[in-house]
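# Understanding the architecture of this molecule
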Amino acid sequence: MVSKNQDRNIHLPLGDQRTARFYGRDILSVKQFSKEDLNYIFEVAHEMREMVARIGTFDLLKGKILANLFYEPSTRTSSSFTSAMERLGGSVIPINEVRYSSVSKGESLPDTIRTLECYTDVIVLRHPEVGASALAAQYARKPILNAGDGIGEHPTQALLDLYTIVEELGNAENLTVTMLGDLKYGRTVHSLSRLLSLFNVKLHYVSPEILRMPPEIIEEINDKDILQSEHTDLSEVLPDTDVLYVTRVQKERFDTPADYDSVKDAYVITPEVMRKAKHRMIVMHPLPRVGEISMDFDSDPRAAYFRQMEYGLYVRMALLAMVLGKA
Ligand code: NCD
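The structure contained in this document is the topic of the report that follows.

Basis of the calculations
- Residues numbered from 1 in each chain as written.
- Predicted model: local features only at pLDDT ≥ 70, side-chain atom pairs only at ≥ 80, totals over all residues.
- Heavy atoms only, no water.
- Pairing = 2+ DSSP bridges.
- Helix = DSSP H or I, 4+ residues; strand = E, 2+ residues; numbered from the N terminus.
- Axes fitted to C-alpha atoms, helices over the stretch in contact; angles between N-to-C directions.
- Contact = heavy atoms within 4.5 Å.
- Near = heavy atom within 4 Å.
- Polar contact = N/O pair within 3.5 Å; in protein donor to acceptor, adjacent residues only side chain to side chain.
- Areas by Shrake-Rupley, 256 points an atom, 1.4 Å probe, with all protein chains shown as cover.
- Nonpolar A, V, L, I, M, F, W, Y, C, P; charged D, E, K, R; others polar.
- Parallel < 35°, antiparallel > 145°, perpendicular 65-115°, else oblique.
- Phe/Tyr/Trp six-rings, centres within 6.5 Å; stacked < 30°, edge-to-face > 60°.
- Buried < 20%, exposed > 50% of the residue type's maximum accessible area, 1.4 Å probe, protein only.

Right, let's get into the sheet that holds strand E5 (residues 175-180). On the basis of which strands lie adjacent, the open sheet formed by five strands has the order E7-E6-E5-E8-E9 and parallel pairing. Bordering the open sheet on either side are strand E7 (227-231) and strand E9 (282-284), each of which pairs with just one other strand. Each adjacent strand pair in this sheet contributes to an overall mean axis angle of 20 degrees, direction not counted. In the packing of helix H9 (residues 215-222) onto the sheet, the strands contacted are strand E6 (201-206) and E7, and the crossing angle to E7 comes to about 155 degrees.

What follows covers the site of the ligand. If you check the shell around the ligand, you find Thr77, Arg126, His154, Gln157, Arg187, Thr188, Arg248, Gln250, Pro286, Leu287 and Pro288 and nothing else. Histidine 154 has a polar side-chain atom sitting 2.8 Å from an oxygen atom of the ligand. In the environment of the ligand, an oxygen atom lies 2.8 Å from a nitrogen or oxygen atom belonging to the side chain of glutamine 250. With the chains in place, 93% of the 320 Å² that the ligand exposes on its own is no longer accessible. Tallied by class, the residues present in the shell around the ligand amount to three nonpolar, five polar and three charged.

This part covers the packing of helix H8 (residues 187-196) against H9. The contact between H8 and H9 brings their axes to 9 Å, and the two run at 10 degrees. With respect to each other, H8 and H9 are oriented roughly parallel. Residue-level inspection shows His190, Ser193 and Arg194 of H8 in contact with H9, the latter providing Ile217, Glu220 and Ile221. Broken down by class, the residue content of the contact of H8 with H9 amounts to two nonpolar, two polar and two charged.

Our next topic: the packing of aromatic side chains. Following the criterion strictly, the structure yields seven aromatic pairs and no others. For the ring pair phenylalanine 22 and tyrosine 40, a centre distance of 6.0 Å and an interplane angle of 45 degrees mean the geometry is tilted. With phenylalanine 22 in helix H2 (residues 17-22) and tyrosine 40 in helix H3 (residues 35-55), this residue pair connects regions lying 18 residues apart in the sequence. An identical accessibility class is assigned to phenylalanine 22 and tyrosine 40; each is buried. Joined through ring pairs, the aromatic side chains of Phe22, Phe33 and Tyr40 make up one cluster.

Given below as structure tokens:
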């Protein structure tokens, strides 16, 4: 991780090395995190959760400004970052509709970033191209938080996903995690599988043939001695699954509508399907869902996807406080 505040780090009190490790940093990929980092993020997220329950909003980031720059649609990611910043007493410049900004006049990403950082302290960026956040980070002096770069990564989502697993199941060790759906274009599973490879887990990938997990990610995870297996039939792995991570088929990434139509209804989680799963396990989904989990399943205690959304608020509060040196 490269710090945008090297000079300032030198003057930080030695007291909390962990704060210094995040202060001024970009969050671009889950590859940058160690287990120790995760423990620290989750510790801070836990404190955030308690503070929100106790007092709702407080002044940790009073006077700080976040730019929320979204070149792709978002509900949860953009509004949870907004809520996170405002609960910490900061404020937000939302640029959700880039078509009303100078981007529509042909402004380059580096120029838009250089502009926004004049007015803000931290930038959250979602962009359709892989590597866009890394590019932005090269030009920015302020921290860039990757909120999804095309089919690349979605590191803050993976952090909240892992936090959900830890909160719901106690810890992330010795679990069997099954990822289901669009593993080719789904950036959330690209980040989560990499992040989970820090733990002793078994990973099952269940998808239609044309939506398999990219081979380079499988190889990367294989190098860490993690057991991985690929399937097209969920019933082969559902009975020993501890975490079933369901994803939406990413319609917007397909070359032709016919390709999308051929796989869009490949898997649907229903109470009936879930009769074959363990009693103590969880079903997760980054949301939005478009039919891959039936609403009939929502009242099942194993349905963790709405709780998962809420955990996202605390994790994003933690990340903002940490990169701004206030955790
Ligand atoms: C995901 C995304 O944008 O990658 N949504 C999210 O951030 N919660 C998943 C999706 O769009 O399917």
